[in-house]
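Examining the three-dimensional arrangement
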Amino acid sequence: MSELAITRPGAERMGFFTDTTTCIGCKACEVACKQWNDLPADGSAFRKGGSYDNTGALGAATWRHVRFVENTQPSEAARADARARLAEGGGGHVPSIPAVSELEGAGSGATAEDLPDLVQWAEDNGTEEVDVAGAVADMERWVFMSDVCKHCTNAGCLDACPTGALIRTEFETVVLQADVCNGCGYCIPSCPFGVVNRDQFDGRAAKCTLCYDRLEDGLEPACAKSCPTDSIQFGPYDELVETAKGRVTALHERGVTDAYLYGAGDADGEQLAGGLGAFFLLTQPPERFGLPAWAESPAQENVPGATLAGLTAAAVAGVLTMASLMASHRRHRTRPRWKRSV
Amino acid sequence: MSHDGRAPEQEVLRRFERDRREGDVRPAVGTRGEPARWRRAVRDATVALAGRDWSDSRWSFIFGDDTGYTRPGGSEDQVVEANRRMRGAPDVPQQIQGPVMHPAVWTWEVPLYFWFGGIATGSAFVAAASDLVGDHDSAKVARMVALAAAVPSAPLLIKDLGRPERFLYMLRIFKPRSPMSMGAWCLSFFSSAAGAAVAADLLGREREARAAGAVTAFFGTYLGSYTGVLLSATAVPVWARSKLFLPPIFVCTAVATGAATTRLALAATGTKVGHPTRTALGTVETAAMATELVLSTVNEKRLGRLGESLEQGRPGTLFKLAKWGVRTGLALRFARKRGGPWTHHVASLLYILSGLAFRFAWVGAGRTSAADDEAVARTARTRSHPLTHDPA
């Protein structure tokens, strides 16, 4: 075992199953996480590119983040449909979107162009008589996803950490020991999911601990406890995977055929980072949620090959340096004395 | 999430509180930076709401077996198929809502350290090679250069830490899987050996100096190459996808800058034109830099779309500057005779500066690449598609 790990007889793998089909975007999990872990707010800037999401991303002080996935561009079909409806004389009045003026006034840097282009859409069609409800419905659904540290089986951060601050607990979660971390920052680019980050005021890296302290005391993590719709479920990993697989089957039966699991239920050799301890049920491609379609611990993947290439190159360079000096000295010795300039 | 360099309100309050207490930040329990020593009031007592096997989570679970939330006993293949369909399609969806990953937080200290470490490695090689051919005077100078380049390395790395006072934690464990851990160890050994070699030189103990010089060169093989491994072993597309090129490129830069610095040092300490070591170093620096240029160009072509991060912005400018520096240096090398030894000195200097620009360009390109959500997503897709693609 090359990982630093705590073991305890009887402890089993615990995890999160986050079901985006039941998430209502209330951000209760974010608040509960900040309260329990005593994390400061990140300030309130809206995410770049036009979104009502005002947390932005996971980071050193945001260990749960409810990502808002807004389709800001109506699809071609939606546009055609709306045009047809306008031609029929249907539709209503476009209300001004309050957020536009609010955002501009608040100095967040967001402009009308950044927001869902309902206004633009109405202007394009040269009218104010637009069926807003219809237009909104035609835009793809607004979905939410409560993002969190994935507690990977092959954890990139854990492999990268040079101090041993990151460890594997007896619940097979990945925990960063704040009293050991010296803020080298190597775990940050080593995480393929952009979870861990360094607190610029504190100097150390920080991330979700899957409420290790609560787990030790027999309590479920704060986010799962606070989730009002059970979008976040906590439990023994194997049980969660079973539930999740059944959930996919149930959704497929009801016609939601895009439902799939991100991080669990994959065939061998297709798992994300060896399987994610915190996995998700999604209904859109992973990139829409800012998740990579594939991930592996970068250290496990690249270190052996790169080290071999580097050491070989260094050995070759060393030998060639030596050969060059030897050749030069031999030439010098065999050269006639009168030609020597030294 | 960025703070635009301003401290958030909570931090302002925290600092205000801290200042008001005049620096007394002792925690309520235990010692700062150490685990708190406390005991439960009642031994082995549970906290409120605690239950065995986290029964509180079952208690708060709203979906029972009768809710139709899940359908147990579904087909495994159905889930595998669904995952493949959504994750294994060849195309990246139109809209990517990033950020997908965080860029490295390293600042100027790290590329500068790469440069110093490279010079130290190169001159350690030169020292060992000079000893082998019997030119002990040049070896002595090269050992001095190696130590001089190794000395600022550790302080630079310490300065880059978020908690510099904890720098010794780097040597808390020995972790072959982490290039950062191995690099920290290697730098310690290298610096110690380089220091010992120079100390032996000063004490006039030649045999010991040569032995220490050989040890320095041995550790140099890793010190000069691991920096490339360090960058490759991350999830940053442009670094990770160059994993077989980056370490050799960094080795070339290391050898070239090391040889060039030693060459200049030899010239400065009175080694005459035509001295075989000095001549050989000119060949070594030129060959190494030419190889570096070829490898970089091949790698950039190979990367395709990902290589954009090496062309745009400040890293792109630095990269271009570095390449032109190398080309000018090569031209000066081949246009010898005319300008006398000074043309070669200028060439050496150009190689050294180009090496510095290359280091900054590579570290900067990683930042651009990690922030490029499309590049990150596309890199992941190209890996997932062949894996999960159903040939049927």
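Please read these numbers as outputs of a predicted model, since none were measured by experiment.

Next up on the list: the overall build of chain A. What chain A contains, in helices and strands, is 11 helices and 10 strands. Out of the 342 residues in chain A, the part that is buried amounts to 51%. Pairs at least 24 residues apart make up 68% of the contacts formed inside chain A by residues separated by at least 6 positions.

The next subject is the overall build of chain B. Looking only at helices and strands, chain B features 14 helices and 0 strands. Listing every helix and strand of chain B by position from the N terminus yields α-α-α-α-α-α-α-α-α-α-α-α-α-α. Every one of the 392 residues in chain B was classed for burial, and the buried ones make up 51%. Within chain B, contacts between residues separated by at least 24 positions form 75% of all contacts whose residues are at least 6 apart in sequence.

This next bit is on the pairing of strand E10 (residues 278-282) of chain A. Residues and elements named next belong to chain A. Along E10, 5 of the 5 residues are buried, which leaves the element largely enclosed by surrounding structure. Burial of the side chains of E10 extends over both faces: Ala-278, Phe-280 and Leu-282 are buried on one face and Phe-279 and Leu-281 on the other. In this structure, strand E1 (residues 14-19) lies alongside E10, joined through 4 bridges in parallel fashion. Within the sheet, the bridge partner assigned to Thr-18 lies in E10 and is Phe-280.

With that settled, the discussion passes to helix H13 (residues 341-371) of chain B. Here H13 of chain B contains 31 residues, and its C-alpha end-to-end distance of 46 Å stays within 8% of the 45 Å for a straight helix at 1.5 Å per residue. With 23 of 31 residues buried, H13 of chain B is to be regarded as a mostly interior element.

All names here are of chain B. Along helix H6 (residues 153-160), the positions that sit buried rather than exposed are Ser-153, Leu-157 and Asp-160. One side of H6 carries all its buried residues, which in axial view fall inside an arc of 60°. Close packing links the buried residues of H6 with helix H4 (109-132), helix H5 (136-150) and helix H7 (179-203).

Quite often, the size of an interface is put as the accessible area lost when its parts meet. The partner chain B presents 116 residues to the 104 residues of chain A that form the contact. Ranked by the residues each element gives to the side of chain A that touches chain B, the list is headed by helix H11 (residues 298-334) of chain A, at 23 residues. Within the side of chain A that touches chain B, the residues separate by chemical class into 46 nonpolar, 39 polar and 19 charged.

For the rest of this paragraph, the subject is the nonpolar core. Cys-157 and Cys-187 of chain A together with Ala-120, Ala-146, Ala-194, Val-255 and Ala-361 of chain B are the most contacted members of the largest nonpolar core, which has 194 residues in total. Looking at which element gives the most residues to this core, the answer is H4 of chain B, with 14 residues. Beyond its immediate sequence surroundings of up to four residues, Ala-361 of chain B is in contact with Leu-310, Pro-315, Leu-318, Phe-319 and Ala-322 of chain B.

Axis separation between H11 of chain A and helix H10 (residues 246-268) of chain B bottoms out at 8 Å; the angle between their running directions is 30°. By the angle class used here, H11 of chain A and H10 of chain B are roughly parallel. In this structure, H11 of chain A crosses over H10 of chain B, and the sense of that crossing is right-handed. Between H11 of chain A and H10 of chain B, the contacting residues are Ala-306, Ala-309, Gly-310, Ala-313, Ala-314, Ala-317 and Thr-321 of chain A on the first element and Pro-247, Pro-248, Val-251 and Val-255 of chain B on the second.

What follows covers the sheet that holds E1 of chain A. All names here are of chain A. The 4 strands lie next to each other as E8-E1-E10-E9, forming an open sheet whose pairing is mixed. Each edge of the open sheet is held by one strand with a lone partner, namely strand E8 (232-236) and strand E9 (260-262). In this sheet, neighbouring strand axes are inclined to one another by 25° on average, regardless of whether the strands run parallel or antiparallel. Relative to E8, E1 is paired through 5 bridges, and the arrangement is antiparallel. When the sheet's bridge partners are listed, Phe-17 is paired in E8 with Gln-233.

Moving on, we come to unusual backbone geometry. Residue and element names in this part refer to chain A. A positive phi angle, close to 65°, is found at Lys-27, a residue other than glycine. Tracing the sequence through the fold places Lys-27 in the loop between E1 and helix H1 (28-37). Lys-27 sits in the partly exposed class, given 19 other C-beta atoms within 10 Å. Unusually for a residue other than glycine, Asp-230 sits at a positive phi of about 55°. Mapped onto the elements of the fold, Asp-230 is located in the loop between helix H9 (222-226) and E8. Residue Asp-230 is classed as partly exposed on the basis of its 18 C-beta neighbours within 10 Å.

All names here are of chain B. Between helix H8 (residues 206-232) and H10, whose axes approach to 7 Å, the crossing angle comes to 145°. The hand of the H8/H10 crossing is right-handed. Residues Gly-224, Ser-225, Thr-227, Gly-228, Val-229, Leu-231 and Ser-232 of H8 pack against Leu-246, Pro-247, Ile-249, Phe-250, Val-251 and Ala-254 of H10. Within the contact of H8 with H10, the residues separate by chemical class into 8 nonpolar, 5 polar and no charged.

The next subject is the environment of Phe-219 of chain B. Residue and element names in this part refer to chain B. By the element assignment, Phe-219 lies in helix H8. The class of Phe-219 is buried, set by 22 C-beta atoms lying within 10 Å. As a C-alpha pair, Phe-219 and Asp-91 span 128 residues in sequence and 45 Å in three-dimensional space. Leaving out residues up to four positions away in the same chain, Phe-219 has contacts with Cys-186, Phe-189, Phe-190 and Ala-193.

All right, on to the confidence of the model for chain A then. Looking at chain A as a whole, its pLDDT mean stands at 82, while 74% of the residues score no less than 70. Under a pLDDT of 50 for its full length, residues 91-117 of chain A has, in the predicted model, 43 contacts with residues more than four places off or in other chains.

This paragraph deals with the confidence of the model for chain B. Averaged over chain B, the pLDDT score is 88; the fraction of residues at 70 or greater is 88%. Confidence estimates for the predicted assembly give a pTM of 0.86 and an ipTM of 0.86.

Procedures and definitions
- Residues numbered from 1 in each chain as written.
- Chains lettered and ligands numbered in written order.
- Predicted model: local features only at pLDDT ≥ 70, side-chain atom pairs only at ≥ 80, totals over all residues.
- Helix = DSSP H or I, 4+ residues; strand = E, 2+ residues; numbered from the N terminus.
- Buried ≥ 20, exposed ≤ 12 C-beta atoms within 10 Å, placed from the backbone.
- Contact = placed C-beta atoms within 7 Å.
- Pairing = 2+ DSSP bridges.
- Expected span 1.5 Å × (residues − 1).
- Arc of directions from axis to C-beta.
- Nonpolar A, V, L, I, M, F, W, Y, C, P; charged D, E, K, R; others polar.
- Core = buried A, V, L, I, M, F, W, Y, C linked by C-beta atoms within 7 Å.
- Axes fitted to C-alpha atoms, helices over the stretch in contact; angles between N-to-C directions.
- Parallel < 35°, antiparallel > 145°, perpendicular 65-115°, else oblique.
- Left-handed = near helix turned anticlockwise from the far one by under 90°.
- pLDDT = per-residue confidence, 0-100.

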